[in-house]
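Spelled out from the first residue to the last, the chains are:
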Amino acid sequence: MTKKQVIILGAGLMGRLIALACAKEGFRVSVYDQGGSEVKDSAAYTAAAMLAPLAESVATENNIIEMGLYSLNRWPELIKGLSKPVFFQQNGSLIVWHAQDQSLGKHFYSQLNKTQKIFPAQFQHEKITHEKLNLLENQLDHRFREALYLPHEGQLDNRELLDALLIDAQLYGAQFYWYSPRELSDFPESSHFKIIDCRGLGSKQSITPLRGVRGEVIRVYAPEVKLQRPIRLLHPRYPIYIAPKDNDVYVIGATEIESEDMSEVSVRSALELLSAAYSLHSGFAEGRILEMNAQCRPSLPNNAPIILKTNERIISINGLYRHGFMISPALLDAAMEMILTDQSNLAQQFSIESSLPHASNH
Ligand SMILES: Cc1cc2nc3c(=O)[nH]c(=O)nc-3n(C[C@H](O)[C@H](O)[C@H](O)COP(=O)(O)OP(=O)(O)OC[C@H]3O[C@@H](n4cnc5c(N)ncnc54)[C@H](O)[C@@H]3O)c2cc1C
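Note that the coordinates shown come from a computational prediction; the quantities given were computed from them, not determined experimentally.

Sheet architecture is open: six strands sit in the order E9-E2-E1-E10-E17-E16, paired in mixed fashion. Both edges of this open sheet fall to strand E9 (175-177) and strand E16 (306-309), since each of them pairs with a single strand only. Strand-to-strand twist of the sheet, defined as the mean angle between neighbouring strand axes without regard to direction, takes the value 15°. Pairing analysis gives five bridges linking strand E1 (residues 5-9) to strand E2 (residues 28-32), with the strands arranged parallel.

Bringing the site of the ligand into the picture now. Not every one of the 36 residues close to the ligand is listed here, only the nearest: Asp33, Ala43, Tyr321, Phe325 and Met326. The contact in question runs from an oxygen atom of the ligand to an N or O atom on the backbone of Ala43, over 2.9 Å. Between the ligand and the protein, one listed contact pairs an oxygen atom with a backbone N or O atom of Met50 at 2.9 Å. In isolation the ligand offers 1,000 Å² of accessible surface; the protein chains occlude 96% of this area. Those elements that provide at least two residues to the shell around the ligand are helix H1 (13-24), helix H2 (43-46), strand E11 (211-221), strand E15 (288-299) and helix H9 (324-341). A class-by-class count of the residues in the shell around the ligand yields 19 nonpolar, 11 polar and six charged.

Attention now goes to empty space enclosed by the protein. Applying the stated criterion to the full structure yields one cavity of 30 Å³ or more. Every residue lining the largest cavity is listed: Met50, Ala52, Ser93, Leu94, Glu153, Pro230, Ile231 and Arg232. For the lining of the largest cavity, the class distribution of residues is five nonpolar, one polar and two charged.

Okay, the layout of surface pockets next. Roughly 740 Å³ of volume is contained in the second largest pocket. Residue lining of the second largest pocket: 34 residues in total, with Glu56, Ala59, Arg232, Pro239 and Arg322 positioned closest to the centre. Among the elements of the structure, helix H3 (53-56), helix H5 (102-118), strand E12 (231-234), strand E13 (240-244) and helix H8 (267-280) are those that each provide at least two residues to the lining of the second largest pocket. Residue assignment places the lining of the second largest pocket across two domains, with domain 1 (5-51 + 158-208 + 302-349) and domain 2 (65-155 + 212-299) each supplying three or more.

All right, on to the domain arrangement of the protein then. As far as domains go, the protein holds domain 1 (5-51 + 158-208 + 302-349) and domain 2 (65-155 + 212-299). Look at where the C-alpha atoms of domain 1 and domain 2 centre, and you get two points 27 Å apart. Contacts between the two partners involve 45 residues from domain 1, matched on the other side by 42 residues from domain 2. When the two sides are added together, the surface that domain 1 and domain 2 hide from each other amounts to roughly 3,500 Å², 59% of it contributed by carbon and sulfur. For the domain 1 face of the interface with domain 2, the top three residues by lost area are Met50, Leu51 and Leu201, together amounting to 20%. Remark: the boundary between domain 1 and domain 2 carries five salt bridges. The salt bridge partner of Glu291 is Arg159, with a shortest N-O separation of 2.9 Å. Contributions of two or more residues to the side of domain 1 that touches domain 2 are made by H1, H2, strand E3 (50-51), helix H7 (158-171), H9 and helix H10 (345-349). By residue number, the principal contributor to the side of domain 1 that touches domain 2 is H7, which donates 10 residues. Across the side of domain 1 that touches domain 2, the residue classes break down as 26 nonpolar, nine polar and 10 charged.

Moving on, we come to the nonpolar core. Judged by nonpolar contacts, the single largest core of 58 residues is most densely connected at Ile18, Leu161 and Ile317. Looking at this core, the elements with two or more residues in it are E1, H1, E2, helix H4 (62-80), H7, strand E17 (314-318), H9 and H10. Residue contributions to this core peak at 11 residues, all from H9. When we break this core down by domain, the ones giving at least three residues each are domain 1 (5-51 + 158-208 + 302-349) and domain 2 (65-155 + 212-299). Here Leu161 is in contact with Leu13, Trp75, Ile79, Leu82, Val86, Leu156 and Phe325, once residues within four sequence places are set aside. Tyr149, Val220, Ile242 and Leu280 belong to the second largest nonpolar core, which has 28 residues in total.

Let us now look at the UniProt feature "domain: FAD dependent oxidoreductase" (unreviewed entry) in the protein. Mapped onto this numbering, the UniProt entry gives "domain: FAD dependent oxidoreductase" (unreviewed entry) at residues 6-330. End C-alpha atoms of residues 6-330 are separated by 20 Å, and the span's content is 30% helix alongside 26% strand.

What follows covers H7. Given a rise of 1.5 Å per residue, 14 residues ought to cover 20 Å, and the 20 Å separating the end C-alpha atoms of H7 matches this to within 8%. When H7 is considered as a whole, its buried residues turn out to be Asn158, Arg159, Leu161, Leu162, Ala164, Leu165, Leu166, Asp168 and Ala169. Capping the start of H7 is the job of one residue whose side-chain oxygen sits 3.0 Å from the backbone nitrogen of Arg159: Asp157. After H7 finishes, the residue Gly173 shows a positive phi value of roughly 105°.

Take the pairing of strand E5 (residues 93-97) next. Burial runs high along E5: five of the five residues are buried. In E5, alternate side chains face the same way, and those of Ser93, Ile95 and Trp97 on one face and Leu94 and Val96 on the other are all buried. By the bridge criterion, three bridges tie E5 to strand E7 (residues 146-150) in an arrangement that is antiparallel. By the bridge assignment, Leu94 is partnered in E7 with Tyr149. Across four bridges, E5 lies against E12 in parallel orientation. Its bridge partner lying in E12, Val96 is registered against Leu233.

Scoring rules and cut-offs
Residues numbered from 1 in each chain as written. Predicted model: local features only at pLDDT ≥ 70, side-chain atom pairs only at ≥ 80, totals over all residues. Heavy atoms only, no water. Pairing = 2+ DSSP bridges. Helix = DSSP H or I, 4+ residues; strand = E, 2+ residues; numbered from the N terminus. Axes fitted to C-alpha atoms, helices over the stretch in contact; angles between N-to-C directions. Near = heavy atom within 4 Å. Polar contact = N/O pair within 3.5 Å; in protein donor to acceptor, adjacent residues only side chain to side chain. Areas by Shrake-Rupley, 256 points an atom, 1.4 Å probe, with all protein chains shown as cover. Nonpolar A, V, L, I, M, F, W, Y, C, P; charged D, E, K, R; others polar. 1 Å grid on protein atoms, 1.4 Å probe; cavity = no way out; pocket = protein on both sides within 12 Å on 5 of 7 lines; lining within 4 Å. Points joined across faces, edges and corners; volume = space filled by probe spheres on them. Domains from an automatic or database assignment. Contact = heavy atoms within 4.5 Å. Buried area = accessible area lost by both parts, 1.4 Å probe. Salt bridge = Lys/Arg side-chain N within 4 Å of Asp/Glu carboxyl O. Core = buried A, V, L, I, M, F, W, Y, C linked by side-chain atoms within 4.5 Å. Buried < 20%, exposed > 50% of the residue type's maximum accessible area, 1.4 Å probe, protein only. UniProt positions renumbered as here; feature names shortened; annotations may be inferred. Expected span 1.5 Å × (residues − 1).

Quick look at the structure:
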C-alpha cells in the first residue's frame, strides 16, 4: 500500500516537531529548508528557549499562557521519547531588580497576582526575601534584597533539541532536503500530498501580515558564575534575562526591536546586554563571549500563533513570536489532530487563530 505523503516547508522548530510526529504516524515525509542542517538562520537556532508562561503572562494573552502551561507538561514526555539526550530543566525562574527599581518589582508582582486569579491551580509565585534567595542562588543574595520566584518554569537547550528531532525524524524515515528553498507555488495543485508550511518569516509571501521582531542574544562562557535557573532582571531601559545552559554557558538576551533588520548585533545592544548582565553578577566580567546572534521572531499583528488551513492540502503554522519553545508542544498536538482528522478540539480549546488577523501599523 502506498504511504500517505506530507511535504514540510521549513526545518526549524515547528517543522522538525511536525516531521517527527508525521513520520511516527507512518507518513512519507519530505522536509525542505532553505539553509543547512544547523538552520543557523532560523529563530530556533538563536533562541534562549526559556519555558516561562508565568513570567510572560505579564504581557501575554491568556490562551498563550494556557498553551505554555500545557506545553510545560508535554516537553518532558516529548524529550523522553527522543533517542539523544536534550538538556531540560524545570527548576523555576527568578525575577530580580535593583533597589532603585523597586516600582518595577511591585508592578510585576501585581501583574502576577492578576494571572493567579485566572489560573489558580497551575500558578504559583512567591515574593522571597534574601534568605530564600540565598538558598536558591547564593551568588545573588548580596545584590538583591528580594525577588520573585516562579517554581514551575523551565528551559531547554534549543540546539540539542533541534539536533535530536532531526536524528529521530530521519530514523523514522523522513527525508530532509537542505539548501532547498521552496514556495507553495512550487507544488502543483493537482498533487495529492498535504503541505505543512512551517517557514517562519520565510512565509511572508503567503501570510502577508507576518512581520519580524528583531531579537539579539549573547552566548557567554562564564565559569565564575554559578546560576541554577533563568533569571530576569527588571530594568527601566534594558530588561534582560540570563538563561544558564550546560557547561557554564549562559545566554544573555534579548532585545526586542520592531524591525526586520537581520544584520549583526549592534554595539548599543551588546553594551546594554552585557552591562545589565554584569550588574547582576560581576563574574560575567571574566567570561568569554562565544557568540553574538541577531534574528527575527516570526510574528503576526496580535503576536499570537496561527494554524491556518488554506485548503484541503495546505496547513500553515506560524506567528510563534517570542513563545515558540514555550508553546510549540500545544501547537504540535493541535496541528497533528488537524492533519490526522481534519479538525482539532485542542485548537478550539486554546482558541488558536484559524484565519489571518488584519495587518496593524507595527
Ligand atoms: C533572540 C530570540 C530569542 C528567543 N527566545 C525564546 C525563548 O526564550 N523562549 C521561547 O519560547 N521562544 C523564544 N524565541 C522564539 C522562537 O525561537 C520562535 O518562536 C520559533 O523558533 C519559531 O519557530 P518556527 O519553526 O515557526 O520558525 P523558525 O524556527 O525560524 O524556522 C523556520 C525555518 O524555515 C526555513 N525557511 C524559511 N524560508 C524558507 C523557504 N522559502 N523554503 C524552505 N525553508 C525555509 C528557515 O531556514 C528555518 O529553518 C526566541 C527568538 C529569538 C529570535
